[in-house]
Every structure is written in structure tokens, then in C-alpha cells.
Amino acid sequence: MSGASPESVAAYPEIIVVLGGGMLPDGVPAPATLARGKAAADLARAHVDAAIICSGSHGVGRKPRRSEAESMADLIAAEGIDRRRIFLEDQSRDTIGNAVYVADRYLGAIPARPIYLVTSPFHVERSVETFRLVLAPDWQIEGVASAPAPDDGERAKHEPRFLMQTRAFLAGIAPGEVARMFAKLKSHH
């Protein structure tokens, strides 16, 4: 697994960011996490010059032995993608955290480039808006939907409320002011 250095991500002209979709109580990846990892592996095969950043700790509940990020990285590597292309962000527990931690660890210090943001179909709109609110405006962000998971319909019901919470949390902080966002996130978690 690659180290957390932004310089190593900077070597890639494109970036695939895949967001965790939860872990089950027994510590195995939820169906959404598996679907997102599979979609990221397919995308990585099509974009051979892209780095892959797997983002996510574990969502709600008790912290499992392996994070969403580690589980997706294993799945992507098992699909034949070179592990040297795979980077981890395993601290975030929600979409705001995904965007802020990925920006803080990897993207804030490098020039903008295309990002393919992989997540569940119901979550694409909110995740793309969240990353746009976090990153400077020159980043090109394209949402990529994974296959649906059985609980997508139930989870989709919360999207309007979560989007309002995201906008409220980031209000008054300009896109690209990652250090301010990171400080606010740390003080709230």
C-alpha cells in the first residue's frame, strides 16, 4: 500500500476517489462498500494513469478491525489493479469527512486535475457537491455511480437532510480553504 504522501498522488494525471459505504456489524464490508470498490476497480482499468484513493473509516457503529478504505483497497487489488496506485484515507466517517480528509491528506497541496468520484447511485449528487464545496474551483469532479445495493432506497431518504447539513457546516468557508475545514471538522468530531 502506498504511503500518504501527496507527492506520490501528484504523479498521476487523474484521480479516482472511492467513498466507503459502511461496514456490517461482523466487520465485513457492506454491500454498498463492495459495489463501490468494484466500480472503482472497473474505472481504474479504464483509466490506467489514475491514482485510486479509497476513503472511509467505518461510518456508524463500532470501529471494525479493517476500515472501509482498507477493505475497498483489498477488493480493488484483487481485481488486478496495482497496489502502488492505491492510497488510503481511513479516518473519515461521513461524506464531509471523506472530502476534507482526502483534500487535507492528498489534494490540497497539488495542482488541480480530473477526479472521478465513485459512490452509490443515490449518493452521487451530494458527494460531488460536497467535494466541490471543499476543493478549489479548478478541480474537475465527475460523479461515477456504482451498482446499486439493497439498502440504497432506504439510505436515499436521508440525502436532502444530509445535503442541507453539509451546506450549513461549510457555510462561510470558501472552497479550497481546506485547513479551516479540517480544523472545524476536528473540533466537531
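Let us look at the structure shown here. (Residues numbered from 1 in each chain as written. Predicted model: local features only at pLDDT ≥ 70, side-chain atom pairs only at ≥ 80, totals over all residues. Heavy atoms only, no water.)

**Some thoughts on the overall build of the protein**
Next up, step 1: Along the backbone of the protein there are eight helices and five strands.
Next up, step 2: Taken from the N to the C terminus, the helices and strands of the protein come in the order α-β-α-β-α-β-α-β-α-β-α-α-α.
Next up, step 3: At 15 Å, the protein has a C-alpha radius of gyration in line with the 16 Å of a compact globule built from 189 residues.
Next up, step 4: Summarising its shape, the C-alpha atoms of the protein cover approximately 40 × 40 × 25 Å along the three principal directions.
Next up, step 5: Taken over 189 residues, the protein has a buried fraction of 51%.
Next up, step 6: Within the protein, contacts between residues separated by at least 24 positions form 75% of all contacts whose residues are at least 6 apart in sequence.
Next up, step 7: Carbon and sulfur atoms form 56% of the exposed surface of the protein, whose accessible area is close to 8600 Å². (Helix = DSSP H or I, 4+ residues; strand = E, 2+ residues; numbered from the N terminus. Rg over C-alpha atoms; globule rule 2.2 N^0.38 Å. Buried < 20%, exposed > 50% of the residue type's maximum accessible area, 1.4 Å probe, protein only. Contact = heavy atoms within 4.5 Å. Areas by Shrake-Rupley, 256 points an atom, 1.4 Å probe, with all protein chains shown as cover.)

**Regarding the nonpolar core**
Next up, step 1: Residues Ile15, Val17, Ile53, Leu107 and Phe131 are the most contacted members of the largest nonpolar core, which totals 32 residues.
Next up, step 2: Secondary-structure elements contributing two or more residues to this core are strand S1 (14–19), strand S2 (50–55), helix H4 (95–107), strand S4 (114–119), helix H5 (124–134), helix H7 (159–170) and helix H8 (178–188).
Next up, step 3: With eight residues, H4 is the single largest residue contributor to this core.
Next up, step 4: Dropping the residues within four chain positions of it, Val17 is found in contact with Ile53, Val102, Ile115, Tyr116, Leu117, Val118 and Phe131. (Core = buried A, V, L, I, M, F, W, Y, C linked by side-chain atoms within 4.5 Å.)

**Let's talk about the sheet that holds S2**
Next up, step 1: Spatial ordering of the open sheet is given by S3-S2-S1-S4-S5, a layout of five strands whose pairing is parallel. The sheet terminates laterally at strand S3 (86–89) and strand S5 (140–145), the two strands that pair on one side only. Going across the sheet, the axis of each strand differs from the next one's by a mean of 25 degrees, ignoring polarity.
Next up, step 2: Bridging between S2 and S3 involves four bridges; their strand directions are parallel. Along S3, the bridge assignment pairs Ile53 with Phe87.
Next up, step 3: Of the strands in this sheet, S1, S2 and S3 are in contact with helix H3 (residues 68–78), which crosses S2 at around 140 degrees. (Pairing = 2+ DSSP bridges. Axes fitted to C-alpha atoms, helices over the stretch in contact; angles between N-to-C directions.)

**Examining the pairing of S4**
Next up, step 1: The buried count for S4 comes to five of six residues, which makes it a mostly enclosed element.
Next up, step 2: Note: S1 against S4, four bridges, orientation parallel. Looking at the pairing, Ile16 lines up with Tyr116 of S4.
Next up, step 3: Judged from the six bridges that link them, S4 and S5 form a sheet pairing that is parallel. Its bridge partner lying in S5, Leu117 is registered against Gly143.
Next up, step 4: In the classification by handedness, the crossover that spans S4, the intervening H5 and the parallel S5 is right-handed. (Right-handed = clockwise from strand over helix to strand, strands pointing away.)

**Points about the packing of aromatic side chains**
Next up, step 1: Enumeration according to the criterion identifies three aromatic pairs in this entry.
Next up, step 2: Ring plane angle 80 degrees and centroid distance 6.1 Å describe the contact between Tyr12 and Phe87, whose orientation is recorded as edge-to-face. Taken together, the residues span a long stretch of sequence, with Tyr12 in the loop between helix H1 (6–10) and S1 and Phe87 in strand S3 at a distance of 75 residues. The same class applies to Tyr12 and to Phe87, which are both buried.
Next up, step 3: What links up through ring pairs into an aromatic cluster is the set Tyr12, Phe87 and Tyr106.
Next up, step 4: A cation sits over an aromatic face here: Lys184 above Phe169, 4.7 Å from the ring centre. (Phe/Tyr/Trp six-rings, centres within 6.5 Å; stacked < 30°, edge-to-face > 60°. Lys NZ or Arg CZ within 6 Å of the ring centre and 35° of its normal.)

**A word on the packing of helix H2 (residues 31–46) against H3**
Next up, step 1: Two elements in contact, H2 and H3, have axes whose closest approach is 9 Å; the angle formed by their N-to-C orientations is 45 degrees. Regarding the angle of H2 to H3, the classification is oblique. Of the two elements, H2 crosses H3, and the hand of that crossing is right-handed. Side by side, H2 and H3 meet where Thr33, Leu34, Arg36, Gly37, Lys38, Ala40 and Ala41 of the first sit next to Glu68, Met72, Leu75 and Ile76 of the second. (Parallel < 35°, antiparallel > 145°, perpendicular 65-115°, else oblique. Left-handed = near helix turned anticlockwise from the far one by under 90°.)

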